[in-house]
Amino acid sequence: KAKKLEKRKAFAGLIPGERYAEQKICDLMSYMVTHLENFLALRRFEQSDPLKRQCLLEGMQGRGTEILFEKQLLKTRKALEKNPLRDHRYHYDRFVLDSMTDEHFMRQKRHRKHDLLQRRSDNLDMYYFSEKLQLCVEMINRKNVLGAEYNPHMMEEMIGYFKKHIDEYAHSPAVFM
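Everything numeric here is computed off the predicted structure, so don't read it as measured data. Sequence order as written defines the numbering, with residues in each chain counted from 1. Only residues with pLDDT of at least 70 get local features here, since the model is predicted, and only at 80 or more are side-chain atom pairs given and counted; chain-wide, interface and lining totals rely on the full set of residues. Heavy atoms throughout the structure, all of them, feed into the side-chain values; hydrogens and water do not.

A. Main features of the packing of helix α5 (residues 88-107) against helix α6 (residues 116-146). Note on geometry: axes are lines fitted to C-alpha atoms, helical ones only across the stretch in contact, with angles between N-to-C directions running from 0 to 180 degrees. By definition, any uninterrupted DSSP run of H or I lasting at least four residues is a helix, any uninterrupted run of E lasting at least two residues is a strand, and each is numbered from the N terminus. It is the contact of α5 with α6, at a shortest axis distance of 8 Å, that shows an interaxial angle of 155°. Judged on the interaxial angle alone, α6 and α5 are roughly antiparallel. Read as a crossing pair, α5 and α6 show a hand that is left-handed. Contact residues: His88, His91, Tyr92, Arg94, Phe95, Asp98, Ser99, Thr101, Asp102 and Phe105 in α5; Leu116, Leu117, Arg119, Arg120, Asn123, Leu124, Met126, Tyr127, Ser130, Glu131 and Gln134 in α6. Angles are sorted into four bins: roughly parallel if under 35 degrees, roughly antiparallel if over 145, roughly perpendicular if 65 to 115, and oblique for all others. For a crossing to be left-handed, the near helix must be turned anticlockwise from the far one by less than a right angle; the clockwise case is right-handed. Any two residues whose heavy atoms approach within 4.5 Å at even a single point are treated as in contact.

What follows is the structure, encoded as structure tokens:
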């Protein structure tokens, strides 16, 4: 069983020789929690290559680094395509990357015909469908195992839609099951 840390002893250890002050120990604890939260967030950030790449691209946008941005965009796209897993996260990352690419070209006033809008829309659909289907399956599983009551909205409509568009989704393991 963990021992409860006494504020006075902690204060004496942290600030030896100074008289105990309740507000000061509360402030120190608050700062410590804030730093711990930042540490945990940074650890997660460091472990997520797609998130780091996305943040880097966002940081480069609009800073006069067009050539570097485009090189990083290409690296990021290649890294994303190397990942063999084509789950909901993959489609979300593609949606974000295509959105940033489209924004970049619009800022550059490079108005030309391209398929970015269609790709953005398709990847958003794939992200939504795969995430929604996963949630519906989990709801059904918990209902069967735990007796929990859920209402998986739109499941029947999605199944009907997939039946009508089976050729479009047959290639995607994230949706086609």
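B. Structural context of the nonpolar core. In terms of nonpolar packing, the biggest core is built from 10 residues, these being Leu57, Met60, Phe69, Leu73, Leu80, Tyr90, Phe95, Val96, Leu97 and Met100. For this core, the secondary structure elements donating two or more residues are α3 (49-60), α4 (66-82) and α5. The element contributing the most residues to this core is α5, with 5 residues. Once residues lying within four places of it in the same chain are set aside, the contact partners of Leu57 are Phe69, Gln72, Leu73, Thr76, Leu97 and Met100. Buried Ala, Val, Leu, Ile, Met, Phe, Trp, Tyr and Cys residues form a nonpolar core when they are joined through side-chain atoms within 4.5 Å. A simple rule labels every residue: compare its accessible area, found with a 1.4 Å probe on the protein chains alone, to the largest value its type can have, and call it buried under 20%, exposed over 50%, or partly exposed in between.

C. Region of the structure containing the side chain of Thr101. Inspection of the secondary structure assignment puts Thr101 in helix α5. Thr101 sits in the buried class, given a relative accessible area of 5%. Separated by 2.8 Å, the side chain of Thr101 and the backbone oxygen of Leu97 make a polar contact. Residues within four places of Thr101 in sequence aside, it is in contact with Leu73, Arg77 and Leu116. In protein, a polar contact means a hydrogen-donor-capable atom and an acceptor-capable atom, both N or O and within 3.5 Å, with residues adjacent in sequence counting only if both atoms are side-chain atoms; elsewhere, any N or O pair within 3.5 Å suffices.

D. Empty space enclosed by the protein, seen in detail. The distinction between a cavity and a pocket rests on a 1 Å grid over the protein atoms alone: a 1.4 Å probe fits inside a cavity but cannot get out, while a pocket stays open yet meets protein on both sides within 12 Å along at least five of seven lines, and a residue with an atom within 4 Å of a point counts as lining. Grid points are joined across faces, edges and corners, and a volume is the space filled by probe spheres set on the points. One pass over the structure, following the stated rule, counts 1 cavity of 30 Å³ or more. Each pocket or cavity is described by its volume, and for the largest cavity that value is around 40 Å³. Met60, Gln61, Gly62, Arg63, Gly64, Thr65, Glu66, Phe69, His104, Arg107 and Gln108 together form the lining of the largest cavity. Residue assignment for the lining of the largest cavity shows that the elements contributing at least two residues are α4 and α5. Considering only residue class, the lining of the largest cavity consists of 2 nonpolar, 6 polar and 3 charged. For this classification, the nonpolar set comprises Ala, Val, Leu, Ile, Met, Phe, Trp, Tyr, Cys and Pro, the charged set comprises Asp, Glu, Lys and Arg, and every other residue, Gly included, is treated as polar.

E. Spatial organisation of the environment of Arg107. Assignment of secondary structure puts Arg107 in helix α5. The class for Arg107 is partly exposed, based on a relative accessible area of 38%. Sequence separation between Arg107 and Gln61 is 46 residues; the distance between their C-alpha atoms is 9.3 Å. Not counting residues within four places of it along the chain, the set of residues in contact with Arg107 comprises Gln61 and Gly62.

F. Structural view of the pattern of salt bridges. Whenever a carboxyl oxygen of Asp or Glu lies within 4 Å of a side-chain nitrogen of Lys or Arg, that contact is scored as a salt bridge. In the structure shown here, the tally under the stated rule is 12 salt bridges. For Lys24, the salt bridge goes to Glu18, with nearest N and O atoms at 2.8 Å. By relative accessible area, Lys24 is classed as partly exposed at 34%. Residue class for Glu18 comes out partly exposed when judged on its relative accessible area of 38%. One salt bridge connects Asp102 with Arg120, and the closest N-O pair in it is separated by 2.9 Å. Here Asp102 is found in helix α5, whereas its partner Arg120 is found in helix α6, with 18 residues between them in sequence. Linked by salt bridges that have partners in common, Arg77, Asp98, Asp115 and Arg119 make up one network.

G. Inspection of the packing of α6 against helix α7 (residues 155-164) at higher detail. For the pair α6 and α7, the least separation of the axes is 11 Å and the interaxial angle reads 130°. Classified by the angle between their axes, α6 and α7 sit oblique to one another. Of the two possible hands of crossing, α6 and α7 adopt the one that is left-handed. Of the residues in α7, those touching α6 at Tyr128, Phe129, Lys132, Leu133, Cys136 and Ile140 are Met155, Met158, Tyr161 and Phe162. By residue class, the composition of the contact of α6 with α7 is 9 nonpolar, no polar and 1 charged.

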